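Take a look at the letters that make up each chain.
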Amino acid sequence: MNSESEGTRYRALFISDVHLGTRGCQAGMLLDFLRAYDAETIYLVGDIVDAWQLKSGWYWPQAHNDVVQKLLRKARKGARMVYIPGNHDEFLRDFPGHHFGGIEVIEQTVHVAADGKRYLVMHGDAFDVVVRHAKWLALLGDWAYVTALGVNTWLNAIRRRLGLSYWSLSAWAKLKVKNAVSFIGHFEETLAKEAKRLNCDGVICGHIHHATLRDLDGVTYINSGDWVESCTAIVEHFDGRFELVRWSELVRQANKPPALQGETLIPQRAA
């Protein structure tokens, strides 16, 4: 199936941390997701393009270009496309209010859901003290992350030969290292407080590559995750209900390869 209209349609779709321009980007997975999912409004919640990595060495395979073309095509077909820059694509923060190929650049915004609830939408790096006050340390951390992804590639090549499923070294470290767990918790609480300060019912963000949807002291905290390891996104249904889509898990359940040429992959949802 190739028709865009055959994909499942939602009121809004939130994607972040794609990191186009890096070897870790799961562009094939994202392209299949975009074939299967469509929405009236699509929010690109930062770090879609990784300018940090592109500055150190150009890497832009056809699959990355295909993702950009797919997003532009959705905009041409009538979807409202909102790009909220992150720290890796911060150069776009110099163009607030500008439109590029039908994509509107906004620093942050408030999304009003179908049920009238208000959600602050932002990348989240403004509340990361390392990114704000010690960019050299953030760059060092980014290098360590890319290195971990390289090691992960070799580990998973071996796991595939042994018939084992994908395993993420960096995701495991995030959940096991005490300081990382503490940072994630503090980040979530800080953004929830910011949403409450702005009289919003919730916040939708990215940045920390940790997808989740939960209540924090009466505020709905939603993180769309990333397309480097977890391959996750957030959708809003037409009744105002939000859902975390774990695309890589749906692909595994469908027992199909992640990037099928010329075919729209629409696996069945988990019960």
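About the cut-offs
Residues numbered from 1 in each chain as written. Predicted model: local features only at pLDDT ≥ 70, side-chain atom pairs only at ≥ 80, totals over all residues. Heavy atoms only, no water. Pairing = 2+ DSSP bridges. Helix = DSSP H or I, 4+ residues; strand = E, 2+ residues; numbered from the N terminus. Axes fitted to C-alpha atoms, helices over the stretch in contact; angles between N-to-C directions. Parallel < 35°, antiparallel > 145°, perpendicular 65-115°, else oblique. Left-handed = near helix turned anticlockwise from the far one by under 90°. Contact = heavy atoms within 4.5 Å. Nonpolar A, V, L, I, M, F, W, Y, C, P; charged D, E, K, R; others polar. Buried < 20%, exposed > 50% of the residue type's maximum accessible area, 1.4 Å probe, protein only. Polar contact = N/O pair within 3.5 Å; in protein donor to acceptor, adjacent residues only side chain to side chain. pLDDT = per-residue confidence, 0-100. Arc of directions from axis to C-beta.

1. Quick look at the sheet that holds strand β10 (residues 219-223)
Next up, step 1: If you walk across this open sheet you meet the five strands as β6-β7-β8-β10-β9, and the pairing is mixed. Of all the strands in the sheet, the pair left with one neighbour each is β6 (109-112) and β9 (212-216). The average angle at which neighbouring strand axes cross in this sheet is 25 degrees, direction not considered.
Next up, step 2: The sheet contact formed by β6 and strand β7 (residues 118-121) spans four bridges and is antiparallel.

2. Focus on the packing of helix α1 (residues 27-36) against helix α3 (residues 62-76)
Next up, step 1: Two elements in contact, α1 and α3, have axes separated by 9 Å at closest approach and are oriented at 20 degrees. One element, α1, and the other, α3, form an angle in the roughly parallel class. Crossing handedness for the pair α1 and α3: left-handed. Here Ala 27, Leu 30, Leu 31, Leu 34 and Arg 35 of α1 come into contact with α3, specifically with Ala 63, His 64, Asp 66, Val 67, Lys 70, Leu 71 and Lys 74.
Next up, step 2: Tallied by class, the residues present in the contact of α1 with α3 amount to seven nonpolar, one polar and four charged.

3. Things to note about the side chain of Ser 248
Next up, step 1: Within the element layout of this structure, Ser 248 appears in helix α8 (residues 247-254).
Next up, step 2: Judged by relative accessible area, Ser 248 falls into the buried class, the value being 14%.
Next up, step 3: Among the polar contacts listed, one links the side chain of Ser 248 to the backbone oxygen of Ser 230, at a separation of 3.1 Å.

4. A word on the confidence of the model for the protein
Next up, step 1: The pLDDT averaged across the protein works out to 82; a share of 72% of its residues lies at or above 70.
Next up, step 2: In this model residues 130-140 is a low-confidence stretch, pLDDT under 50, and it forms 15 contacts with partners more than four residues away in sequence or in other chains.
Next up, step 3: Counted against residues more than four places away or in other chains, residues 260-271, with its pLDDT under 50, gives 38 contacts.

5. Considering the environment of Arg 118
Next up, step 1: Along the chain, the position of Arg 118 falls in strand β7.
Next up, step 2: For Arg 118, a relative accessible area of 34% puts it in the partly exposed group.
Next up, step 3: Each C-alpha atom, one on Arg 118 and one on Val 203, is 8.4 Å from the other, the two residues being 85 residues apart in sequence.
Next up, step 4: With sequence-adjacent residues up to four places away left out, Arg 118 is seen in contact with Val 110, His 111, Val 112, Leu 198, Asn 199, Cys 200, Asp 201 and Gly 202.
Next up, step 5: In this structure the side chain of Arg 118 is engaged in a polar contact, spanning 3.4 Å, whose partner is the backbone oxygen of Asn 199.

6. Digging into α8
Next up, step 1: Among the residues making up α8, those that are buried are Trp 247, Ser 248, Leu 250 and Val 251. Buried residues along α8 cover an arc of 160 degrees about the axis, so they all sit on one side.
Next up, step 2: On its buried side, α8 packs onto α1, β2 (37-44) and β12 (242-246).

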